[in-house]
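Structure assessment
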Amino acid sequence: MNNILLTVSYDGTDFCGWQKQSYKSGETVRTVQEEIENALFKMFREHISLHGSGRTDSGVHARAQAANFVSPVDSIPEKNYIRALNGMLPSDIRIMDACIMPKDFDSRFNATSRVYRYFMHTVSVPEARNTRYVWYLSHRPNEHTLNSMAKVLRGELDCATFAAAGDMSLSTCRYIDNAHFWYEGDVLVFEIEANAFLWKMVRSITGTLIQCERKGKNAEYFADIVHSKDRSKALFTAPATGLFLWQVRFDGVRRHI
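The structure presented is a predicted model; accordingly, all values stated were derived computationally and were not measured.

**Remarks on the overall build of the protein chain**
Scanning the protein chain from N- to C-terminus turns up 5 helices and 10 strands. In terms of overall dimensions, the protein chain is globule-like: its C-alpha atoms have a radius of gyration of 19 Å, near the 18 Å expected for 257 residues. Overall, the C-alpha framework of the protein chain stretches about 60 × 40 × 40 Å when taken along its three principal axes. Within the span of the protein chain, comprising 257 residues, buried residues form 49% of the whole. Intrachain contacts of the protein chain at a sequence separation of at least 6 include 71% that bridge at least 24 residues. Only carbon and sulfur atoms are counted for the fraction: they give 50% of the accessible area of the protein chain, which is about 12,300 Å². Looking at charge distribution, the protein chain has the averaged site of its 31 positive side-chain charges lying 2 Å from that of its 29 negative ones.

Structure, rendered in structure tokens:
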């Protein structure tokens, strides 16, 4: 039985996140994981468990989520899964790649880091086709100021300040490899890479950094917020619309979660 790794792209707007969820009071909860598992059931006529590299929240998108499953049929060429699954999936989920991995590979436990990008459209009004994928800011934040604050986000940090209420993680410590901003025309991009993330952590960091810049604060002020480990100090949680799981890496240093 082959262990198949899928690279998955999705528009998260109409999903209640990646992870399959129970139905509440008869209401159908649509998730990315369940849609793909349903497609796998149609393909093999048996339930196949899909293991993602991590969760994305309701409304959050992915350019390259990683997920693996054990195929009950060895004779299918690995790239044929791309066409077969895309033919059964809704248009807001696309399988971008498929490859055979070692038997013991797990997309969550073998991942060494996750990269997220957050997109903000500044000053000019975004086209209608882009409003699902950006956070609109009426001003143009100072890139230098934002990057001076983002430098605080390096190495092993207790990220309790940015943990949403209800986060069930055993530890709030995470190892952040990099965090920085740049402009692409009127679009401000924030990229952050870490071994893992707390629930709504990226959105909370993004919103707090933007609010700090808007209020004229500096890196020392932001560092005090980070090191306070006090959720009430986080200034704002950015909306889900602009956030993408951009890449999952398997070739770095495996750090504790």
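**Let's talk about the pattern of salt bridges**
Across all of its chains, the model carries 10 salt bridges by this definition. In this structure, the salt-bridge partner of R129 is E127, at a minimum N-O distance of 2.9 Å. In this structure E127 comes out as partly exposed when scored by relative accessible area, which is 46%. Residue R249 is joined to E193 by a salt bridge in which the shortest nitrogen-to-oxygen separation is 2.6 Å. Residue R249 is located in strand β10 (residues 243-249), and its partner E193 is located in strand β9 (residues 187-194); the two are separated by 56 residues in the primary sequence.

Conventions and cut-offs
- Residues numbered from 1 in each chain as written.
- Predicted model: local features only at pLDDT ≥ 70, side-chain atom pairs only at ≥ 80, totals over all residues.
- Heavy atoms only, no water.
- Helix = DSSP H or I, 4+ residues; strand = E, 2+ residues; numbered from the N terminus.
- Rg over C-alpha atoms; globule rule 2.2 N^0.38 Å.
- Buried < 20%, exposed > 50% of the residue type's maximum accessible area, 1.4 Å probe, protein only.
- Contact = heavy atoms within 4.5 Å.
- Areas by Shrake-Rupley, 256 points an atom, 1.4 Å probe, with all protein chains shown as cover.
- Lys, Arg positive; Asp, Glu negative; His and termini not counted.
- Charge placed at Lys NZ, Arg CZ, Asp CG, Glu CD.
- Salt bridge = Lys/Arg side-chain N within 4 Å of Asp/Glu carboxyl O.

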